[in-house]
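# Commentary on secondary and tertiary structure
This is what each chain is made of:
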Amino acid sequence: MAAVTETLDTVQSVTQSGYKWGFETTIEMDFAPKGLNEDIIRLISARKEEPEWMLEWRLKAYAAWLKMDEPHWARVDHPPIDYQDLHYYAAPKKKAGPKSLDEVDPELLKMYEKLGIPLKERALLAGVDPDSVENTQVAVDAVFDSVSVATTFQATLRKAGVIFCPISEAVREYPDLVKQYLGTVVPVADNFFAALNSAVFTDGSFCYIPKGVRCPMELSTYFRINARNTGQFERTLIIAEAGSHVSYLEGCTAPQRDENQLHAAVVELVAMDDAQIKYSTVQNWYPGDANGTGGIYNFVTKRGACRGARSKISWTQVETGSAITWKYPSCVLLGEDSVGEFYSVAVTNNHQQADTGTKMIHIGKGSRSTIISKGISAGKSNNTYRGLVKMLPSASNARNFTQCDSLLIGDQCGAHTVPYIESRNPTAKVEHEATTSKIADDQLFYCRQRGLSEEDAVGLIVNGFCKDVLKELPMEFAVEAQKLLAVSLEGSVG
Amino acid sequence: MLDIRGLAASINDKPILKGIDLTVPEGEVHAIMGPNGSGKSTLGYVLSGREDYEVTAGTVTFNDVDLLGMAPEDRAAAGVFLAFQAPIELPGVNNANFLRTALNAIRRAHGESELDAVQFLKLARAETKRLAMPDDMLKRNVNVGFSGGEKKRNEVLQMAILRPKLAILDETDSGLDIDALKIVADGVNALRGPKFSALVITHHQRLLDHLVPNRVHVLAGGRIVRTGGPELAKELEKSGYAGLIAEAA
Ligand SMILES: Nc1ncnc2c1ncn2[C@@H]1O[C@H](COP(=O)(O)OP(=O)(O)OP(=O)(O)O)[C@@H](O)[C@H]1O
Ligand SMILES: [Mg+2]
């Protein structure tokens, strides 16, 4: 598939000189003034042409946020964030508002091409009706700073009854669905960053998979922070009705900058009886330079609710970017025999800090969860796994298996494992295994003796270490993730 | 031709090799024998560029290039292969993938085209078959859970696929059953030719029955104390090293 080769080329060109997504795109932007207050929220809501209820929802979130404090329990360290020194809305200036790809600013399309995103699909390039193309394609929603600029394959999806559109559009077009589910998995005042997001979220994706439908293609969103001093607050809501299946991919990059940029997303997933949602992320936000200057602060709340019996939500993440990552994709296992999975690779190098993990809340009888976490630390970085497994009194015969492995490269980095286990049902079983290892000198020498460069050797060993997680990713993503791992660990040995 | 002159090396400031002179002409197989701890493995590591060892004196040239100035991977590309006395485990790293990456790195260094997965598997399967190894050896993770003998065989498989110009086999025969021993010897014999030379470190005459060396050297206390023809190995089998070492001291 053309799109895949393109991605690989992009990734390969990176190996030469570090973070290659660091370019900035010159596009005329429409900014809200810096700062956060009710008027800014009104402005965002107006720009999005939102109904009154949405504005009220935002204002309520804002009021809650004002009363909250930034959390400081995570093992991350950063100078105070001045929330009044950010733009909360930035959008490419539009002529009339793009209705189709042809109307999208060519500069933007060029940028997505640079990123290797299969935005303008081959079918469209060839002038073929996208509906006649087979379902092996990936539908893409691309979010540029605060707005969604193009959603592809709309027509094919609609035929299957799947709704996949920017959330701002969903608020206008499908208000009942949005009202019914928004904020039900991550309540407005769940935490400081979720409240902030609820007040100012600007875009993100909305997916609705009707009863019994297997989504005919993988859905994908690419996030890009471009503008300076701009926070990105996207909001994603995925609803899988009874018996439906969907696989959703998320990828992220940002330009290279000296100042830190804030990213505070909220993702909510809802799975009804027998529904399955697979959510995969390859996060490659700019991590800052080798001295720890710049980089994205990534404070994200992701949570899935397995509401139906035998429903399943699976999170797979490969986190190589960001200066700071604060992220705990979680599952609330309400349904009987529901299943939650969390597969994670988190890489930190140089001065990066990651505090990431998951929460599995078992409520339903016979609910099961699996946690496989692979943390890799290099340079002077710190990598923490923080996980909670909670068995409520109702969770008879529930099961959890957790495997947490840490790999250290060099001796100036840190790996920490913080598992919390709370069991209030005597029939529930929780298993936890943890290992810490180092890439040994003799392993590197063995590889080099066979002809591999030191970096290739590290890449090979790291990929081996992460195999159990990488195999959970959809094929194209897995290849990309492997290359990313090698790139982000460049210069970490010797 | 491998030419070692006055080579001295130490680890953690402890001198191990104390002046080695050794020449292996192209096309020849030389055996190195000697008591435990005499520096045989150290010699293999120094020749292949392990960084913990400090070369304090001497020179090593291989086909007229200075080996000591090269990184381990560049030596590998130049044709140096070390079969480890204790092969290293690489958890999660598939043997076939490892070998293909290695082979392609070496091919790249020679300006040759890389092999894709299909081409490589064809080549690798032919070698596993020739060496009477099960195919699943390729699918398993490098040396993980391999028995002692399987690890040694895997080293020979790697050698057969990478086709070095200079193979250093460090006790590759230890721990092998009689059939495997013959297979290992055949593996080396198959590579023998005018452009191939080998240093075979061993404690046992029985390998040298199948893999007849041009010369046999005895390394003791960091020096070569005796050199002879294949008959020297037989002699040592009977009389041991004690006399030799006393003689040299
Ligand atoms: N890291 C180290 N620190 C100190 N001494 C070392 C180290 N590595 C090796 N040595 C010593 O160097 C000497 C030579 O070791 P080497 O492994 O080369 O011996 P060998 O001839 O291969 O022995 P064997 O027949 O038992 O394999 C030994 O005395 C050993 O203890
Ligand atoms: Mg030895």
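To keep things clear, this report deals only with the structure shown in the data block.

Procedures and definitions
Each chain carries its own residue numbering, running from 1 in the direction its sequence is written. By the order in which they are written, chains take letters starting at A while ligands take numbers starting at 1. Note on the predicted model: pLDDT of at least 70 is required for a residue's local features to be given, and 80 or more for side-chain atom pairs to be given and counted; whole-chain, interface and lining totals, by contrast, use all residues. No hydrogens and no water enter the side-chain calculation; it runs on all heavy atoms of the structure. The criterion for a residue being near a molecule or strand is simple. One of its heavy atoms has to lie within 4 Å of it. Any pair of nitrogen or oxygen atoms within 3.5 Å is treated as a polar contact; in protein, a donor-acceptor pairing is required on top of that, and neighbouring residues in sequence qualify only through side-chain atoms on both sides. Only the protein chains shown count as covering a residue, and every accessible area follows the Shrake-Rupley method with a 1.4 Å probe. Under the DSSP-based scheme used, a helix requires at least four consecutive residues in state H or I and a strand at least two consecutive residues in state E, with every element numbered from the N terminus. Any residue that is not Ala, Val, Leu, Ile, Met, Phe, Trp, Tyr, Cys, Pro, Asp, Glu, Lys or Arg is counted as polar, Gly included; the first ten are nonpolar and the last four charged. Think of it in three bands: residues with accessible area under 20% of the maximum for their type are buried, residues over 50% are exposed, and the middle band is partly exposed, with areas taken using a 1.4 Å probe on protein chains only. Strands were regarded as paired on the criterion that DSSP finds at least two bridges between them. Distances up to 2.8 Å from the metal define which N, O and S atoms are donors, and 3.2 Å serves for Na, K and Ca; water is absent from the atom set, so sites may look incomplete. The criterion for an aromatic pair is that two Phe, Tyr or Trp rings (for Trp, the six-membered ring) have centres within 6.5 Å, with stacked assigned to planes under 30 degrees apart, edge-to-face to planes over 60 apart and tilted to the rest. Placement of a charge over a ring requires the Lys NZ or Arg CZ to be within 6 Å of the ring centre, with the centre-to-atom vector within 35 degrees of the ring normal.

## Observations regarding the site of ligand 1
Residue and element names in this part refer to chain B. Looking at ligand 1, there are 15 residues lining it, with I16, G37, K40, S41 and T42 nearest. Contact between ligand 1 and N36: an oxygen atom at 3.0 Å from a side-chain N or O atom of the residue. Separating an oxygen atom of ligand 1 from a backbone N or O atom of G39 is a distance of 3.0 Å. Within the complex, the protein chains bury 67% of what would otherwise be the 640 Å² of accessible surface of ligand 1. At the level of secondary structure, the elements contributing two or more residues to the shell around ligand 1 comprise β2 (14–24) and α1 (40–48). No other element matches α1, which puts three residues into the shell around ligand 1. Classifying every residue of the shell around ligand 1 by side-chain character gives three nonpolar, nine polar and three charged.

## A closer look at the pairing of strand β8 (residues 235–240) of chain A
All names here are of chain A. Of all six residues in β8, six are buried; the element is thus mostly enclosed. As defined by bridge partners, strand β6 (residues 205–209) adjoins β8 across four bridges and the pair is classed as parallel. Within β8, the position partnered with F206 by the bridge is L237. Examined bridge by bridge, β8 and strand β11 (residues 266–271) share six bridges and lie parallel to one another. Bridge assignment links I238 to a residue of β11, and that residue is L269.

## Regarding the coordination of the magnesium ion (ligand 2)
For a metal with four tetrahedral donors the ideal donor-metal-donor angle is 109.5 degrees, while six octahedral donors give ideal angles of 90 or 180 degrees. Residue and element names in this part refer to chain B. S41 (OG) and Q85 (OE1) make up the full set of protein donors to the magnesium ion (ligand 2), lying at 2.0 to 2.1 Å. Of the two residues, S41 sits in helix α1 while Q85 sits in the loop between β6 (80–83) and α3 (95–109), which places them 44 residues apart along the sequence. Using a relative accessible area of 32% as the deciding quantity, one classes Q85 as partly exposed.

## Looking at the packing of aromatic side chains
All names here are of chain A. The tally for this structure, following the rule as stated, stands at 21 aromatic pairs over all chains. Geometrically, the ring pair formed by F192 and F193 is edge-to-face, given 5.2 Å between the ring centres and 90° between the ring planes. F193 matches F192 in its accessibility class, with the two residues each being buried. Put simply, the rings of Y62, W65, Y83, F192, F193, Y297, F299, W326 and Y328 pair up and form one aromatic cluster. Its guanidinium or amino end placed over the ring of F201, R58 lies 4.2 Å from that ring's centre, counting from NZ or CZ. The lysine or arginine in question, R235, covers the ring of F201, its NZ or CZ lying 5.8 Å from the ring centre.

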